[in-house]
Amino acid sequence: MERSKMLCAVYLGPGRMELEEREIPEPKDDELLVRVKSCAVCGTDVRIYTYGQKNVIPPQIIGHEIAGVIEKVGRNLKNDYKGGERITVVTCVSCGKCRFCEKGWYNLCDTPRYIGYYYPGGYAEYMIVPEEAIKGGNIIVVEEEKLSFPEISMIEPLSCCINGQEYLNISAGESVVIFGSGPIGCMHSELAAAAGAGKIIMVDISQKRLNLAKKQNIRITDFIDSSLEDPVKKILELTSGQGADVVIVACSSKEAQEQALQIVSKRGRVSFFAGLSKDDPYIKLDSNIIHYKEVAVYGAFASYKKQYEKALELISLGKVDAKKFITHEFRLNDILSAFEVTKSGEGLKSVIVF
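Note that the structure is predicted; figures quoted are calculated from it, not measured.

Moving on, we get to the overall build of the chain. Within the chain one finds twelve helices and 17 strands. Taking 2.2 N^0.38 as the reference for a compact globule, 354 residues should give roughly 20 Å; the C-alpha atoms of the chain span a radius of gyration of 21 Å, in line with that estimate. By principal-axis analysis of the C-alpha atoms, the chain measures approximately 70 × 40 × 40 Å. Out of the 354 residues in the chain, the part that is buried amounts to 54%. A fraction of 69% describes how many contacts in the chain between residues 6 or more apart in sequence connect residues 24 or more apart. Carbon and sulfur atoms form 48% of the exposed surface of the chain, whose accessible area is close to 16500 Å². For the chain, the distance from the average site of its 44 positive side-chain charges to the average site of its 47 negative ones is 2 Å.

Our next topic: helix α9 (residues 254–263). In an α-helix there are 3.6 residues to a turn, and that puts residues three or four apart on one side. Regarding α9, the residues found buried are Ala256, Gln257, Gln259, Ala260, Leu261 and Ile263. Two to three positions downstream of the cap, the backbone nitrogen of Glu255 sits 3.4 Å from a side-chain oxygen, assigning the N-cap of α9 to Ser253.

Attention now moves to the pattern of salt bridges. Under the criterion given, the structure shown has 16 salt bridges. One network of salt bridges, in which partners are shared, links Glu151, Asp321 and Lys323.

Of all nine residues in strand β14 (residues 264–272), seven are buried; the element is thus mostly enclosed. Both strand β13 (residues 244–249) and β14 contribute to a ladder of five bridges, which runs parallel. Bridged to Ala244 within β14 is Val264. Pairing analysis gives four bridges linking β14 to strand β15 (residues 296–299), with the strands arranged parallel. Bridging across to β15, Ser271 finds its partner in Tyr298. The β-α-β motif built from β14, the intervening helix α10 (residues 287–292) and the parallel element β15 has right-handed crossover chirality.

With that settled, the discussion passes to unusual backbone geometry. Residues other than glycine predominantly adopt negative phi, and peptide bonds predominantly adopt the trans conformation. Across the junction of Pro58 and Pro59, the peptide omega takes the value 0°, indicating a cis bond. When you line up the elements, Pro59 lands in the loop between α1 (43–51) and β4 (65–73). Even without glycine at this site, Asn169 takes up a positive phi of about 50°. Of note, Asn169 is situated in the loop between α5 (155–166) and β10 (175–179). Residue Asn169 is classed as exposed on the basis of its relative accessible area of 56%.

Taken in spatial order, the six strands of this open sheet run β12-β11-β10-β13-β14-β15, and their pairing is parallel. Both edges of this open sheet fall to β12 (222–225) and β15, since each of them pairs with a single strand only. The mean inter-strand angle of the sheet, taken between neighbouring strand axes irrespective of direction, is 15°. Across the sheet, α9 touches β10, β13, β14 and β15, and the angle it forms with β14 is around 160°.

Take the packing of α5 against helix α6 (residues 183–194) next. Where α5 contacts α6, the axes come no closer than 9 Å and their chain directions differ by 60°. Put simply, α5 runs oblique to α6. For the pair α5 and α6, the crossing hand works out as right-handed. Here Pro157, Leu158, Cys161, Ile162 and Gln165 of α5 lie close against α6, whose contacting residues are Ile184, Met187, His188, Leu191 and Ala192. Partitioned by chemical class, the residues of the contact of α5 with α6 number eight nonpolar, two polar and no charged.

Reading the values: rules and limits
Residues numbered from 1 in each chain as written. Predicted model: local features only at pLDDT ≥ 70, side-chain atom pairs only at ≥ 80, totals over all residues. Heavy atoms only, no water. Helix = DSSP H or I, 4+ residues; strand = E, 2+ residues; numbered from the N terminus. Rg over C-alpha atoms; globule rule 2.2 N^0.38 Å. Buried < 20%, exposed > 50% of the residue type's maximum accessible area, 1.4 Å probe, protein only. Contact = heavy atoms within 4.5 Å. Areas by Shrake-Rupley, 256 points an atom, 1.4 Å probe, with all protein chains shown as cover. Lys, Arg positive; Asp, Glu negative; His and termini not counted. Charge placed at Lys NZ, Arg CZ, Asp CG, Glu CD. Polar contact = N/O pair within 3.5 Å; in protein donor to acceptor, adjacent residues only side chain to side chain. Salt bridge = Lys/Arg side-chain N within 4 Å of Asp/Glu carboxyl O. Pairing = 2+ DSSP bridges. Right-handed = clockwise from strand over helix to strand, strands pointing away. Axes fitted to C-alpha atoms, helices over the stretch in contact; angles between N-to-C directions. Parallel < 35°, antiparallel > 145°, perpendicular 65-115°, else oblique. Left-handed = near helix turned anticlockwise from the far one by under 90°. Nonpolar A, V, L, I, M, F, W, Y, C, P; charged D, E, K, R; others polar.

Next comes the structure, spelled out in structure tokens:
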């Protein structure tokens, strides 16, 4: 007998999430029904649950690092998709019409809507991919059969790191410093290594997090515990006083952003990959460093389809080992434990598996 009910985790407001049994939705003519097989936990999900977020109106099913199988195909999509295809879904559903979309910068769309924010996301056994996402090309079919669904869930966060590094153009032999040894920092280090970086230095205030990166065999040449030693002094020592060619701040730290400018080399590139609290976003910025050393400072936000496809390619070819980032798996009824592991830093990526 065909199932009619599904289990989902519903965000009801800050600090409130409940498991609910709902009717499995029926796709309209231009929609797909996806059976979710895994959905990884993003730090943003934890922040939404803890504090709320203005573009997530409860009750809502969040979760956007999705891997699944097409269960039903809307009548108008029969020639484009078929049941059983393994897929992931690009999070940002862009308008396709604004000047940023016209340039191909879909992540910077003026009127974006997001899977797992505006549209119901992946913390449910089934989800609808809406017509707007289908028309925007947000479905990526994963033909590489050897990849597990949790590995496919790593495509989204890796694509965000790819977006950040496209500005940086890391080349063979360059030195790279990464502030933050969480899953994003670790992904940045793997991408830097794949690009041929010669020295990769990771900085964190937590020895526990640094040890976890070591345990997962993340490709780092030097680890600095900034709670025990001055990272600026140490990095200058490790780079013979020249500073790092590339610095990536993958943690929400004002101090790390300021230190990044102190240790970047002449003609170096800095990425403020992680944002700061909207209540206190200002740092002390010595603009003379940027001026006299000809330093470039970039931001990075989300990603778009081309970068998802690049992430899938790197994982499929084994240039980035997605399994390194997955430290915990949970069932949906234990989702708050997955959030707690993510928040505490006990692991890298926690994945909800179905």
